[in-house]
Amino acid sequence: MNAKTFLAMLARDAHVARRNIWALLTQTMLQPLLFTFVFGRVMTGSGMMPASYKGMLVPGIMGMSMVMTGIQAVSMPLIAEFQFTREIEDRLLAPMRIEWLAVEKILAGMIQALVSGLVVMLAAWLVLGAGVGLSFQRPLLFGLVMLLVALFSAAGGLMLGCSVGQTQIGLMFSLVLAPMIFFGCVYYPWSALSGFPILQKLVLLNPLVYASEGLRGTLVPQSQYPHISIAVVAGALAVFDAALIVGGLKKFYGKAVS
Amino acid sequence: MGVGITTKELRKVYTSPPPMAAGVAGFGMMGMRGTGSKNKKAFEIVALDGISLAIQPGEIFGLLGPNGAGKSTTIGILTTRVRPTSGEARIGEYDVWRQQVEAKWLIGVVQQRPNLDFSLTAREILMFHGAYYGIGSAERARRAAALLERFQLTTRADEMVRSYSGGMMQRLSIARAMVHEPEVLFLDEPSTGLDPQTKLLLWEIIREYNARGKTILLTTHNMDEADELCHRIAIVDHGRIIAEGTPAELKASIPGGYLVRLNVGRGSPELIERLQRLPGVTEVRADGNAVDLYADQGGALIGAIVSVVGESGTELCDVHISEPSLENLFLHHTGRSLRQ
């Protein structure tokens, strides 16, 4: 690899992200904050949900924000650049193996996903006030889950960005992302699905389940609801990550070279 | 010094519609093979059918041909974007497909369609491009400023390029390809969409760049451009090279040089034979009422043609004389005009 080229591309993405910072922040923050406010503040404040729901909600919302941010940050530019503006061509010609450009995209997407997770966590904390009950007694495990989730989102973005045509972007949201969120244990723990045994097994195919449960397990371990164990979460995310990286790189190469 | 380009028997067969990498806007369908309905590979286009080139270091070489002839695919292969089905492509000593990164260091590419980074300003585009090649920031800034000046873009250098006109984008694309001062510059239809004045500026810049010992491979379907700019030309059609040489050599290779195109009321074998016997006529081709005469003179022949046509009992509807040109050469080899 050519480190200077790689870093220059990362700098380019950072530059573009800085230029669009307000749009990016709004895109990342608005929806999670609305959810946090309505479910975490209104519903618990009115007594319709127990106060402990706050601690349940924040990790789920974090996972969802990270996954959405990473996927969008990587896939949307790729869809446009490969099919419409072709602006990626200049970088494909840079003196570096083509696959490293995909790796750079993943890294840039991971950084955005991590930032969005942390920002949403802080903001949700502010919105919810006291009683969220997050604990940081397992920083290493928390860091590991964050990294695996960020990698999943960015590699997933690479895969989607190289598979979806620009006319199918709407379909991508309604067919892939929406079910993923609603069956991703974002608003409820996995154990809450025990009344729906088939669904409970099926959602295990959804990587967001592991993201939400992993963050819950590391941030609110003392909660009254059992979580999927961190070892299972880490293992499953690692498998998803590896598969998406391999598949995404292959797709990317196929797009770049005919 | 200087880096050349060689290709040996390059072939490219697309089994699915060529994606963006080929950069082909209008793709010629003449190589398409119809296959049985049960065959999954119903789509097969032979884009290149054995292209061998030896472009010398420091040469301006032109690939001339109609749309879909295989020009862009050739450039795609030489610039690591299209994988050849068979054959070999080299930039200098490097095999483009085995030593991609080494080859990429040596080349600069201007694609047929503008592909500027829409999230950046013109100056940033040049600056980041330089950064991809590891050029230090002071040097990058200097080169960017000089290129913007040379391409007359300085006044709008700090605007986002989405506000640029087509011609400005094209100029910036060429400037960008020069930032890292590549030994070999590929220009795929560089003057498409440029006004005549800008075209002249571009030709001047290309000549300047070449004067520094750089090799330039350009594609065009514009005869004047090929004639004016290129040291050597290969005429490409249906993925094959049908003629190669200096513009002067190529023009001299047309039998007779002059082309007299006639349109007669009614063509007949007898008329063709009589035309063939006229002094100075080297070749006559007829397609119905359209008759092409290759001859070593133009206007001087008209009188004789008029009387021959009259004597054959038909009338002369139209006469067009063209001087020796690459256009005629193309017509001679393919039976088609380049603009068809």
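Residues numbered from 1 in each chain as written. Chains lettered and ligands numbered in written order. Predicted model: local features only at pLDDT ≥ 70, side-chain atom pairs only at ≥ 80, totals over all residues.

A.B. asks: Would you mind going over the overall build of chain B with me for this structure?
C.D. replies: Counting its secondary structure elements, chain B contains 11 helices and 14 strands. Each principal axis of the C-alpha distribution contributes one length, and for chain B these read about 75 × 55 × 40 Å. The 340 residues of chain B split such that 44% are buried. (Helix = DSSP H or I, 4+ residues; strand = E, 2+ residues; numbered from the N terminus. Buried ≥ 20, exposed ≤ 12 C-beta atoms within 10 Å, placed from the backbone.)

A.B. asks: Which parts of the structure should I look at to understand the overall build of chain A?
C.D. replies: A tally of helices and strands in chain A yields 10 helices and zero strands. When the helices and strands of chain A are read in sequence order from the N terminus, they spell out α-α-α-α-α-α-α-α-α-α. Over its C-alpha atoms, taken along the principal directions, chain A stretches across nearly 60 × 40 × 35 Å. For chain A, restricting intrachain contacts to residue pairs at least 6 apart in sequence, the fraction spanning at least 24 positions comes to 84%. (Contact = placed C-beta atoms within 7 Å.)

A.B. asks: Which parts of the structure should I look at to understand the nonpolar core?
C.D. replies: If you look at soluble globular proteins, the nonpolar side chains tend to sit buried side by side. Within the largest apolar cluster, 165 residues are counted, with the highest numbers of intra-cluster contacts made by Val149 and Phe152 of chain A together with Phe186 of chain B. Per element, the largest residue contribution to this core is 15 residues, and it comes from helix α3 (residues 53–83) of chain A. Each of domain 1 (5–116 + 164–250) and domain 2 (255–323) of chain B accounts for three or more of the residues forming this core. (Core = buried A, V, L, I, M, F, W, Y, C linked by C-beta atoms within 7 Å. Domains from an automatic or database assignment.)

A.B. asks: Looking at this structure, how should I read the pairing of strand β3 (residues 60–64) of chain B?
C.D. replies: Along a regular strand, successive side chains alternate from one face of the sheet to the other. Residue and element names in this part refer to chain B. Where burial is concerned, most of β3 is hidden: five out of the five residues are buried. Side chains of β3 alternate between two faces, with Ile60, Gly62 and Leu64 and Phe61 and Leu63 buried alike. For β3 and strand β8 (residues 215–220), the ladder comprises five bridges, and the chain directions are parallel. By the bridge assignment for β8, Leu63 is matched with Thr219. Direction of pairing for β3 relative to strand β9 (residues 232–237): parallel, over a ladder of four bridges. Looking at β9, one finds that Gly62 is bridged to Ile233. (Pairing = 2+ DSSP bridges.)

A.B. asks: Which parts of the structure should I look at to understand the sheet that holds strand β12 (residues 281–287) of chain B?
C.D. replies: Two orientations exist for strands paired in a sheet by backbone hydrogen bonds: parallel and antiparallel. Residues and elements named next belong to chain B. Taken together, four strands build an open sheet; the order of strands is β12-β13-β11-β14 and the sheet is antiparallel. Edge strands, defined here as strands with exactly one partner in the open sheet, are β12 and β14 (316–322). For this sheet, the mean inter-axis angle between neighbouring strands, taken without regard to orientation, is 15°. Both strand β11 (residues 258–264) and β14 contribute to a ladder of six bridges, which runs antiparallel. Bridge pairing in β14 links Val264 to Leu316. (Axes fitted to C-alpha atoms, helices over the stretch in contact; angles between N-to-C directions.)

A.B. asks: What is the right way to read the interface of chain B and chain A from this model?
C.D. replies: The extent of an interface is frequently quoted as the accessible surface area lost upon association of the parts. Every contact between the two is made by 28 residues of chain B and, on the other side, 25 residues of chain A. Of the residues assigned to the side of chain B that touches chain A, the class counts are 15 nonpolar, seven polar and six charged. (Nonpolar A, V, L, I, M, F, W, Y, C, P; charged D, E, K, R; others polar.)

A.B. asks: Is there a simple way to think about the packing of helix α2 (residues 21–45) of chain A against helix α5 (residues 98–128) of chain A in this case?
C.D. replies: Each packed pair of helices is defined by two parameters, the angle between the axes and the distance between the axes. Residues and elements named next belong to chain A. At their nearest, the axes of α2 and α5 sit 10 Å apart, and the two run at 35° to each other. Viewed along their axes, α2 and α5 form a crossing whose handedness is right-handed. Across from Thr28, Met29, Pro32, Leu33, Thr36, Phe37, Gly40 and Arg41 in α2, the residues of α5 making contact are Ser116, Val119, Val120, Ala123, Ala124, Val127 and Leu128. In the contact of α2 with α5, the residues fall into 10 nonpolar, four polar and one charged. (Left-handed = near helix turned anticlockwise from the far one by under 90°.)

A.B. asks: How should I be thinking about the sheet that holds β9 of chain B in this particular structure?
C.D. replies: All names here are of chain B. The six strands lie next to each other as β6-β7-β8-β3-β9-β10, forming an open sheet whose pairing is mixed. Single-partner strands in this sheet number two, and they are β6 (107–110) and β10 (240–245). Each strand of the sheet is rotated relative to its neighbour by a mean of 15°, with strand direction disregarded. Lying on the sheet, helix α5 (residues 166–178) is in contact with β6 and β7 (184–188); it crosses β6 at an angle near 175°.

A.B. asks: Can you help me understand helix α7 (residues 169–182) of chain A in this one?
C.D. replies: Given 3.6 residues per helical turn, the α-helix brings residues three or four places apart onto the same face. For α7 of chain A, which comprises 14 residues, the first-to-last C-alpha distance of 19 Å matches the rise-based estimate of 20 Å (1.5 Å per residue) to within 8%. Of the positions making up α7 of chain A, those classed as buried are Met172, Leu177, Met180 and Ile181 of chain A. (Expected span 1.5 Å × (residues − 1).)

A.B. asks: What am I meant to see in the packing of helix α1 (residues 3–19) of chain A against helix α3 (residues 122–132) of chain B here?
C.D. replies: Where α1 of chain A meets α3 of chain B, the closest approach of the two axes is 7 Å, and the angle between their N-to-C directions is 155°. Here α1 of chain A is positioned roughly antiparallel relative to α3 of chain B, judged by the angle of their axes. Within the contact between the two elements, α1 of chain A uses Thr5, Ala8, Met9, Ala11 and Arg12 of chain A and α3 of chain B uses Phe128, Ala131 and Tyr132 of chain B. (Parallel < 35°, antiparallel > 145°, perpendicular 65-115°, else oblique.)

A.B. asks: Can you walk me through helix α1 (residues 71–78) of chain B in this structure?
C.D. replies: The buried count for α1 of chain B comes to eight of eight residues, which makes it a mostly enclosed element. Two residues or fewer past α1 of chain B, Thr80 of chain B is found with a positive phi of approximately 70°.

A.B. asks: Help me understand unusual backbone geometry, please; the structure alone is not making it clear to me.
C.D. replies: Trans is the prevailing form of peptide bonds, just as negative phi is the prevailing case for residues other than glycine. Residues other than glycine seldom take positive phi values, yet Cys185 of chain A does so here, at roughly 55°. Position of Cys185 of chain A among the secondary structure elements: in the loop between α7 and α8 (197–202). In this structure, Glu189 of chain B takes a positive phi of about 50° despite not being glycine. Here Glu189 of chain B lies in the loop between β7 and α6 (196–211).

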